[in-house]
Amino acid sequence: MNKNSGIMLALLAAGQSRRFGDRDKLSAVLGDRMLGLHAAEVGAAMPFAHKLVIGSPAHDCAAQWRDLGYQVIANQDAALGQASSVRLAAAHAINSGASALCIMLADMPFITRDHISRLIAAFEQSGGTVASARHGQAMPPAIFAVDALRSLTALEGDAGARSLLADARLVAAADPMLMDIDTGQDLAQARIIYDQLK
């Protein structure tokens, strides 16, 4: 893929960390850096046409997100759930004339460049929505074709774009690649996995 492909990347980082306790999970340390930087670094290494982080411009990770080439977009409606971030990302993709939108979650630290490359290849081959799959269940990261972007702007709630992935072409990934961090227990497990993968 080259930068003329027109795929915009949106890294969703505006979650409320409600299940994580009284601290922001993306600021928690995993390995040698904050959790919110792992997926961001993978996305930054891929030649997307434009890269957004949907999150707070004042977040602890924000300066490093910008250093990685992301534009940080504030989500004023973050408390309404993940769909609000998806809507915002889709609106930016439409307004920029992007040909597609790749949605990644900032709390998935084990995503690899190879997996993103496989998603891009599947998208370029099929031209339709593609999604990651764990045990046959469609989930992010996912790439939505331009004709799906209007539907993304109408999403509501905290399920994100899951409802639009029913007919997606699936790209399987083995555990722990699609693990996301929601709780302190998840982070403790991720730290064990991270040390094993080093």
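Before reading on, note that the structure itself is shown above.
Residues numbered from 1 in each chain as written. Predicted model: local features only at pLDDT ≥ 70, side-chain atom pairs only at ≥ 80, totals over all residues. Heavy atoms only, no water.

This part takes up the sheet that holds strand S8 (residues 137-145). With mixed pairing, 7 strands are arranged side by side in an open sheet as S5-S4-S1-S6-S8-S7-S9. With partners counted over all chains shown, the strands left at the sheet margins are strand S5 (71-73) and strand S9 (169-172), one partner each. Mean inter-strand twist for the sheet, computed between neighbouring axes without regard to direction, equals 30°. Pairing of strand S1 (residues 7-12) with strand S4 (residues 50-54), which is carried by 5 bridges, proceeds in the parallel orientation. Looking at S4, one finds that Leu12 is bridged to Ile54. (Pairing = 2+ DSSP bridges. Helix = DSSP H or I, 4+ residues; strand = E, 2+ residues; numbered from the N terminus. Axes fitted to C-alpha atoms, helices over the stretch in contact; angles between N-to-C directions.)

By the criterion of burial, strand S7 (residues 130-134) is predominantly enclosed, with 4 of the 5 residues buried. As judged from the 4 bridges shared by S7 and S9, these two strands associate in the parallel manner. Paired with Ser132 across the strands is Val171, a residue of S9. (Buried < 20%, exposed > 50% of the residue type's maximum accessible area, 1.4 Å probe, protein only.)

The amide bond that connects Pro140 to the next residue, Pro141, takes the cis arrangement and shows omega of -5°. Inspection of the secondary structure puts Pro141 in strand S8. The linkage connecting Asp175 with the following residue, Pro176, adopts the cis geometry, with an omega of 5°. Along the chain, Pro176 turns up in the loop between S9 and helix H6 (184-197). Backbone geometry at His135 places phi at a positive 55°, although glycine is not the residue there. Among the secondary structure elements, His135 is positioned in the loop between S7 and S8. With a relative accessible area of 74%, His135 lands in the exposed category.

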